[in-house]
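Fold and contact review
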Amino acid sequence: MDPLDALPGPATAPPTIAPSAFLAMLADGQPVVADGAMGTLLMAAGLTPGEAPESWNLRADTRDRVRAVHDAYIRAGARIVLTNTFGGSPVRLRTHGLADRSGELNRAAAGIAREAAGRHGIVAGSMGPLGELLAPFGTIEAHDARAAFAVQAKGLADGGVDAIWIETMASLEEATAAVDAVRQVAPGLPIVVTMTFDSHGRTMMGTTPAAAATTLSTLGVAAIGANCGNGPDEIETAIAAMRLAVPGAVLVAKGNAGVPRLEGGVPVWDMTPDGAGRHAVRVRALGAAVVGGCCGTTPAHIAAIADALGAPRRDAS
Ligand SMILES: [Zn+2]
């Protein structure tokens, strides 16, 4: 039997939250809490190394585990949840033999996140890097990159996301290709772009936070920021630099829970929920409007962030 025993995909659905409501939420000056890691929690739920996390959106026995991750973040106080589609472009899925199921995987993921968020949260469609460098550094041409991102964005839009969240980008050219693709297939959706400054304060391609902010702000996206990387200090430095470069930008901070150590082959993250709360207060003071987590963060970290920022928690009442 096909290991991906597909469920019927949701019908094409309009966003539940109007784009203007998402933009108003970002602009109203109150702190907005976003979710934390997806992959870390799916591994804890049985995802094996080498298995595509996105394939879990399609299987009846695993889709509920994806839903449970979203549920936990919503209960912890997240008002934005990201779909389980980080590696969901056809280029990235090729290594798993799933390239031709990109649209379906992304539609399904949007539906799962929508079920969890209901009318209480924003569903943002996660789009990570293609995993191949753009020419001339790599082999993929910009128009092929745009085409791949367009397949993914169309699936996410058809599944009913409220926004598109382009994350963990190292290359401004690739980020721009992704933005162009979203505009082409889902012109009404707000877009957020965050980059990863994990190479001595620059992206792997050498871009500084200030240069990233300057270029990304010209694209007219709803918010920009930093995610993943080497933990809270790095994210705080990046947010401060972005704020200085583009004072009016809506900034997003979604850092990792430190740098993982391997213990018995299992990654162990050092940042505690209390540490995440203290980081949230600092990064908010530096200018971040949206604070969440990336690799190694859990619902406990997000709950601590919500408490530290005075944001309401849905499990606290
Ligand atoms: Zn990460």
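Computed from a predicted structure; not experimentally measured.

Counting secondary structure elements, the chain contains 11 helices and 10 strands. Rg of the C-alpha trace for the chain: 18 Å, near the compact-globule value of 20 Å for 317 residues, within the 12% margin. Along the longest, intermediate and shortest principal axes, the C-alpha atoms of the chain span 50 × 50 × 45 Å. In the chain, which comprises 317 residues, the proportion classed as buried is 55%. Long-range pairs, those at least 24 residues apart, make up 79% of the contacts in the chain between residues at least 6 apart in sequence. Here the chain has roughly 12600 Å² of accessible surface; of this, 57% comes from carbon and sulfur atoms. Between the mean site of the 24 positive side-chain charges and the mean site of the 30 negative ones, the chain shows a separation of 5 Å.

Here the chain averages 92 in pLDDT, and 93% of its residues register 70 or above. Taken as a whole, residues 1-12 scores under 50 in pLDDT and shows 21 contacts with residues more than four places along the chain or in a different chain.

This part covers the side chain of T207. Tracing the backbone shows T207 in the loop between strand 5 (191-195) and helix 8 (209-217). Contacts of T207, omitting those with residues within four sequence positions, involve A170, L172, F197, R202 and A212.

So, about the sheet that holds strand 6 (residues 223-228). Read across the sheet, eight strands follow the order 1-10-7-6-5-4-3-2 without closing on themselves; strand pairing throughout is parallel. Each edge of the sheet is formed by a strand with only one pairing partner; in this case those strands are strand 1 (32-33) and strand 2 (80-82). Pairing between strand 4 (residues 163-169) and strand 5: four bridges, direction parallel. Along strand 5, the bridge assignment pairs W165 with V192.

What follows concerns a nonpolar patch on the surface. A contiguous nonpolar patch, built from L133, F137, M204 and M205 and spanning about 410 Å² of accessible area, is present on the exposed surface. Residue position: F137 is located in the loop between strand 3 (122-127) and helix 6 (142-159).

What the rule picks out here adds up to zero aromatic pairs. The residue whose ring lies beneath R65 is W56, and the NZ or CZ to ring-centre distance is 4.8 Å.

Quick look at the nonpolar core now. M127, I166 and L216 are the most contacted members of the largest nonpolar core, which has 76 residues in total. Ignoring any residue separated from it by four or fewer positions in sequence, one finds L216 in contact with L172, A175, V193, M195, V221 and I224.

Inspection of every chain in the model, using the stated rule, returns 13 salt bridges. For the salt bridge of E132 with R94, the shortest nitrogen-to-oxygen distance reads 3.5 Å. Of this pair, E132 sits in the loop between strand 3 and helix 6 while R94 sits in the loop between helix 4 (90-93) and helix 5 (102-117), and the two are 38 residues apart along the sequence. Of the residues examined, E132 reaches a relative accessible area of 27% and is grouped as partly exposed. For E263, the salt bridge identified is with R261, shortest N-O distance 2.3 Å. Within the structure, one salt-bridge network assembled from shared partners comprises R63, R67, D71 and E115.

Before going further, it helps to spend a moment on the pairing of strand 3. Among the six residues in strand 3, six count as buried, and that is most of the element. With burial as the criterion, each face of strand 3 is covered, one bearing I122, A124 and S126 and the other bearing V123, G125 and M127. As defined by bridge partners, strand 2 adjoins strand 3 across three bridges and the pair is classed as parallel. From the neighbouring strand, V81 faces strand 3, where its bridge partner is V123. Where strand 3 and strand 4 come together, four bridges link them in parallel fashion. By the bridge assignment, G125 is partnered in strand 4 with I164. Once the chain exits strand 3 it traverses helix 6 before rejoining the sheet at strand 4, and the crossover so formed is right-handed.

Axis separation between helix 8 and helix 9 (residues 232-245) bottoms out at 8 Å; the angle between their running directions is 45 degrees. Regarding the angle of helix 8 to helix 9, the classification is oblique. As for the relative orientation of helix 8 and helix 9, their crossing is right-handed in sense. Each of P209, A210, A212, A213 and T214 in helix 8 lies in contact with helix 9, whose residues at this interface are A238, A241, M242 and A245. For the contact of helix 8 with helix 9, the per-class residue count stands at eight nonpolar, one polar and no charged.

About the cut-offs
Residues numbered from 1 in each chain as written. Predicted model: local features only at pLDDT ≥ 70, side-chain atom pairs only at ≥ 80, totals over all residues. Heavy atoms only, no water. Helix = DSSP H or I, 4+ residues; strand = E, 2+ residues; numbered from the N terminus. Rg over C-alpha atoms; globule rule 2.2 N^0.38 Å. Buried < 20%, exposed > 50% of the residue type's maximum accessible area, 1.4 Å probe, protein only. Contact = heavy atoms within 4.5 Å. Areas by Shrake-Rupley, 256 points an atom, 1.4 Å probe, with all protein chains shown as cover. Lys, Arg positive; Asp, Glu negative; His and termini not counted. Charge placed at Lys NZ, Arg CZ, Asp CG, Glu CD. pLDDT = per-residue confidence, 0-100. Pairing = 2+ DSSP bridges. Patch = residues over 30% accessible without salt bridge, like charges linked within 9 Å, V, L, I, M, F, W, Y side chains within 5 Å. Salt bridge = Lys/Arg side-chain N within 4 Å of Asp/Glu carboxyl O. Phe/Tyr/Trp six-rings, centres within 6.5 Å; stacked < 30°, edge-to-face > 60°. Lys NZ or Arg CZ within 6 Å of the ring centre and 35° of its normal. Core = buried A, V, L, I, M, F, W, Y, C linked by side-chain atoms within 4.5 Å. Right-handed = clockwise from strand over helix to strand, strands pointing away. Axes fitted to C-alpha atoms, helices over the stretch in contact; angles between N-to-C directions. Parallel < 35°, antiparallel > 145°, perpendicular 65-115°, else oblique. Left-handed = near helix turned anticlockwise from the far one by under 90°. Nonpolar A, V, L, I, M, F, W, Y, C, P; charged D, E, K, R; others polar.

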